[in-house]
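Architecture and fold: a report
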Amino acid sequence: MIELKNLDKTFRHIHAVDHVTAQIQSGMVFGLVGSNGAGKSTLMRLISGILRPDSGEVLVDEQPVYENGPVKSEICFLSDSPYFFSTADTIRMREYYAMCYPNFDRRLFDSLIKKFRLEPNRKISTFSKGMKKQLSLLLGLCSQTRYLLCDETFDGLDPVVRQAVKSLFASEMMKRDFTPVISSHNLRELEDICDSVGLLHKGKFLLTRDLDQIKCTICKLQCVIPDRSREQQLIRSLHILKLERSGSLLTLTVRGDRGEVLRTAEASEPLFAEVLPLTLEEIFISETEVAGYDIKDFIY
Amino acid sequence: MTSKISYIKFILSDIRHRAWLPVLSSISLFLLMPVYSLMYIDSTYPDSGILAEDDWIFSVFSGLLNGNSFFPLAVAIFILALLAAASGFSYLHSREKLDFYHSLPLRRGQSFLISYMGGFLSFLIPYLICAFLSLAAGSAGGIITEENALSCATSILGGIAAFLLVYQAGILAAVLTGTIIAQTAAFLVLCVYPEIVLSLFTTLKETFYETSCSVIVSLPERLTDLVSPIELFDRLLHDSATADLTASLPACLIVLAILAAAAYILCLFYPSEAAGNALAFPVTAPFFKIFICIPTAMCAGFLACTLAGVVEPDWVFLLSILFAVLLCGLIEYLYQQDLRLLLKNWRSSLIAIGGVLLVLVVMRFDLTGYDTYLPDESRTASVGFTPDSFYSYFTYPGQYSAEAPELRIFAPPEDTGMLLELAQKGIDNLEAGITPKYINGESYEEASGYVSAIFQYRLKSGRTVARRYVLRQEDILATLETLCQNEDYRRDLFPIFHINPKDILAVSTCDISGEENALNLTAKQRDALINAYREDVLAVSVDTLQNRAPVGELLFTLPYWIMSGDKPDPEMIFPTETLYPTYYPNTEIIRYFYIYPEYENTLALLEEYGCVLSSSIPEDTISEARLFLTQESYNAGIFDSLLQELSLSQTEAEEAVSNGLLLSDREQIRLLAGRISWDTPGIAGQRWENSDSVELTYKSGRTCNYHLQ
């Protein structure tokens, strides 16, 4: 398990991670989402022991990460812009990772690069950006570390490869104790793969919960209530994150159980009422809007 | 969870990742070491006539192993060290690389060690192989013997140490910074900063203080080439090639230990977010700015004045302030990379400029009382008193050594009070504006009567402090008169007592005609002559030494090592029973042992040996004369009567003032010959108040200058 205890990091005048406390359970896929500059990469780098926290601590399996070789040998960090030695080919990188990570699975790596059609003796510098990301993911996966931190590694992969990697993750999680932590802007992709997500905004977690739980606790209500006073009563009785009106159609993003929200709406005798689940993207937009990150600010 | 790593595997992997470095090292060192050594041996001895006992070829050869005798090799070692440091630690300056390396299950100390060893071995292995090949070439050529093999080993060791010095300075520069440009700038600062700071002490003293004199090598001066990496690099190569590492090796080890410890510790704390910033530790930015700016601005100010040929305190002052402002701007630009933010850290800029201003004000207005310093008599053990006139009047054995023999002469302790009073007169003169710089800049006539003198105060605390003042000639003479009453002082002062007669290889004389005559003496006659001269010197008055014209001088031929102050060379064996009347190789002639008319013992012996010194010049030996008059003498009409006797027109007289007037008429030559005197200095400076002279050309072709009376 990864525990973040009151973790704080400031770069000069930028408070990148602001006293974050959270837990990432083992054996689950954790998605890290957040606005640009929210502190996702910084948090990943803190977890992988690259950065030293200003205060607080990162515990992996109850041990601090920073400058702790044995703990770091159970974590593999894949940067958003992966680095490979200038003249290296995949075999050389495989050997280097094998030297660093004692459980590196060469056989799996060799079979995977064949499946992903990455030429073993080709210079990595001639690879496309997507191929480099694939290689980075395969190296990370074959390192056989308990924790794999992927910083926007999925971005830039084609849909087929993305699906294949998801399958690989699922397969690895079936076989061993494996916890991928994935940060991405592509929330639809995370929705498919993540068991739980952490929503980061301005260096703080707005929420960290299981995805199913999140989806159960936030929903979209569309209704038409002819009586204005009942409508107002409904609005007051719900925990509304966002309210939109189109003619007589009222669209509300509401925090609360879907069934309960529908029952409350029906008590207002609507002409029409429907409760819809929110996509992760919609949840992200709603939650960040509440935190003051409004899309309208960009448009108007 | 385990993290046992194989250092060897990681180091080999590191070398493989930057394979260009060992390849470059191998190729460059191969060409510059064994190949060049073979070429050198072949070109030096084209006929293969190798002489194993030839020390010269060996000393050159040992320098070929580390670049001391072959500059391109020294440059190659320097550049390879810099490249090794830059390539090994460049990951600190790139976020991608930093994320990669710092995410690996290695502690930072381990990463440091791996990169360090990778770079070092990339140089060391090719260097040792090339050194071995060079040694093999030298051995085949007969240059390397069992006796001098040790010197070759120290030379190789020096090459490695010199590499490490630059390598570690480069690494320290890398861990202090976040970009390659800042690393380069930091490396330059690390290399030259100690030298700038330490040499600034002397430079500023000489610029701002009138009484400053550099006769005593101060501690900062002594440290300059031992703490500055660039100076130490040069000295290591030299000292190791000559197998004398007594001073440079301990200094090198200390500097290496400091550089390595600093680099290692900073690497452990290197912030991963520093990549791309100028400085790795932003908190150090103002301190670096202040500590770099203050000495560098003053050094640049002095350098600019030197280049312009105007080393005036006021200009140094103004330019230093200007450079301080510019440097603050430059450093801030390096930090911020944005011209609009030049004033962002204005406080540190203000402190830096204020620091420069403070130092300059203290020195410019002598707020520490440097120029007026005079130790208390109770704190002074003895005083060394050396008027500048001694340099032209005396020649001592060891004259070519680093330490001037004149400055080793100290007055008897009982005369300390008198010398301190004399020094006070110097300070009074200084306060009246009569300074060494003043008399150097004035005309002969205005400066005559004044002599500058060095005082060395040997304090009871063991420290020696030196100052230079300007004194009146008569004050100096009065002091010398008192000092010379002490026989021990005379024995210290006169060079004849510093010469061992057995070292004298030949004796010659010279008189007013300027012609040198070798004396054909036996060793016994030589010893007798020296003893006679010593007796005369002990008895002569200071007045004679200053005001009388000598009738001749003695010249002694000595082995060169005596003049250079080196150790006796056992291989330089000179026969001493029979003296050589002519020049002999590896010898030097020492002169200015003036013979005054009062030197009865010396003159009697010379006469006995058949040497007659002439006090006048036979007119028939002169072919022509050139008359030089000064404008001051001409204007004052001092030589009006002479010009009339010579029947010179006004145009001719003006010619004598401007370019010198050539006279070949026998009568004119006769008249001039009667008015000239041997132009020798006195013990307390010039004997004349004017500098009018006559240049005589003898029929033999020699020319000599004489003073016109």
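As the structure is a computational prediction, the values presented were derived from the model and not from experiment. (Residues numbered from 1 in each chain as written. Chains lettered and ligands numbered in written order. Predicted model: local features only at pLDDT ≥ 70, side-chain atom pairs only at ≥ 80, totals over all residues.)

**A word on the overall build of chain B**
Check the secondary structure of chain B and you find 28 helices and 12 strands. Across its three principal axes, chain B shows a C-alpha extent of roughly 105 × 65 × 60 Å. With 709 residues in all, chain B has 41% of them scored as buried. Restricting the contact set of chain B to residue pairs at least 6 apart, pairs at least 24 apart contribute 79%. (Helix = DSSP H or I, 4+ residues; strand = E, 2+ residues; numbered from the N terminus. Buried ≥ 20, exposed ≤ 12 C-beta atoms within 10 Å, placed from the backbone. Contact = placed C-beta atoms within 7 Å.)

**Here we look at the overall build of chain A**
Scanning chain A for helices and strands turns up 12 helices and 14 strands. Each of the three principal axes of chain A carries a C-alpha extent, and together these read 70 × 40 × 40 Å. Among the 300 residues that make up chain A, the fraction classed as buried is 40%. Across chain A, the fraction of contacts at a sequence separation of at least 24, relative to all contacts at a separation of at least 6, is 70%.

**What to know about the domain arrangement of chain A**
Residue and element names in this part refer to chain A. What the domain assignment lists for chain A is domain 1 (2-202) and domain 2 (214-299). Here domain 1 and domain 2 have C-alpha centroids that lie 36 Å from each other. Listed as interface residues are nine residues of domain 1 and, on the opposing side, nine residues of domain 2. Sorting the residues of the side of domain 1 that touches domain 2 by element identifies helix 7 (187-193) and strand 9 (196-201) as the ones contributing at least two each. For the side of domain 1 that touches domain 2, the element with the highest residue contribution is helix 7, accounting for four residues. Considering only residue class, the side of domain 1 that touches domain 2 consists of five nonpolar, two polar and two charged. (Domains from an automatic or database assignment. Nonpolar A, V, L, I, M, F, W, Y, C, P; charged D, E, K, R; others polar.)

**Structural notes on the interface of chain B and chain A**
Taken residue by residue, the interface counts 21 residues in chain B and 24 residues in chain A. Top element by residues in the side of chain B that touches chain A is helix 5 (residues 95-103) of chain B. It accounts for six residues. Class assignment of the residues belonging to the side of chain B that touches chain A gives a composition of seven nonpolar, seven polar and seven charged.

**Let's talk about the sheet that holds strand 9 of chain A**
Residue and element names in this part refer to chain A. Strand order across the open sheet formed by six strands is 6-7-8-3-9-10, with mixed pairing between neighbours. The two strands at the open ends of the sheet, each matched to only one other strand, are strand 6 (75-78) and strand 10 (204-210). Averaged over all pairs of adjacent strands, the angle between strand axes in this sheet comes to 15°, irrespective of strand direction. Pairing between strand 7 (residues 147-151) and strand 8 (residues 179-183): five bridges, direction parallel. Each residue of the ladder has a partner; that of Leu148, found in strand 8, is Pro180. In the packing of helix 5 (residues 129-142) onto the sheet, the strands contacted are strand 6 and strand 7, and the crossing angle to strand 6 comes to about 175°. (Pairing = 2+ DSSP bridges. Axes fitted to C-alpha atoms, helices over the stretch in contact; angles between N-to-C directions.)

**Examining the pairing of strand 9 of chain A**
All names here are of chain A. The buried fraction of strand 9 amounts to five of the six residues, a majority that puts the element mostly inside the structure. One ladder, built from five bridges, connects strand 3 (residues 30-34) with strand 9; its direction is parallel. When the bridges of strand 9 are listed, Val33 appears paired with Leu199. Of the strand pairs in this sheet, strand 9 and strand 10 are connected by six bridges, and their pairing is antiparallel. For Leu200, the partnering residue across the bridge sits in strand 10 and is Phe205. Adjacent in sequence and paired antiparallel, strand 9 and strand 10 are bridged by two residues, among which Lys202 carries a positive phi angle near 50°.

**Looking at the packing of helix 7 (residues 149-176) of chain B against helix 8 (residues 180-208) of chain B**
Residue and element names in this part refer to chain B. Running from N to C, helix 7 and helix 8 cross one another at 130°; their axes reach a closest spacing of 8 Å. When the interaxial angle is binned, helix 7 and helix 8 end up oblique. The crossing of helix 7 and helix 8 is right-handed. Of the residues in helix 8, those touching helix 7 at Ala169, Gly170, Leu172, Ala173, Ala174 and Leu176 are Gln183, Ala186, Phe187, Leu190 and Cys191. (Parallel < 35°, antiparallel > 145°, perpendicular 65-115°, else oblique. Left-handed = near helix turned anticlockwise from the far one by under 90°.)

**A few points about the environment of Phe288(B)**
Structurally, Phe288(B) can be placed in helix 12 (residues 285-308). In sequence terms Phe288(B) and Ser348(B) are 60 residues apart; their C-alpha atoms lie 9.6 Å from each other.

**Focus on the domain arrangement of chain B**
Residues and elements named next belong to chain B. For chain B, the assigned domains read domain 1 (7-179 + 224-275), domain 2 (377-493), domain 3 (495-608) and domain 4 (619-708). Computed over C-alpha atoms only, the centres of domain 3 and domain 4 are separated by 31 Å. If you look at the interface, domain 3 gives nine residues, while domain 4 gives nine residues. Per element, the largest residue contribution to the side of domain 3 that touches domain 4 is four residues, and it comes from helix 22 (residues 542-547). Broken down by class, the residue content of the side of domain 3 that touches domain 4 amounts to six nonpolar, three polar and no charged.

**Thoughts on the packing of helix 12 of chain B against helix 14 (residues 346-364) of chain B**
All names here are of chain B. Two elements in contact, helix 12 and helix 14, have axes separated by 9 Å at closest approach and are oriented at 30°. Remark: the crossing between helix 12 and helix 14 carries right-handed chirality. On helix 14, the residues that touch Pro286, Lys289, Ile290, Cys293, Ile294, Ala297 and Met298 of helix 12 are Ser348, Ile351, Ala352, Gly355, Val356 and Val359. Tallied by class, the residues present in the contact of helix 12 with helix 14 amount to 10 nonpolar, two polar and one charged.

**Here we look at the sheet that holds strand 5 (residues 63-64) of chain A**
Residues and elements named next belong to chain A. Here we have four strands laid out as an open sheet, ordered 2-1-4-5, and antiparallel in their pairing. Of all the strands in the sheet, just strand 2 (14-24) and strand 5 have a single pairing partner and so form its edges. Against the sheet, helix 1 (residues 40-47) engages strand 1 (2-11), strand 2 and strand 4 (55-60), with an angle of about 60° to strand 2.

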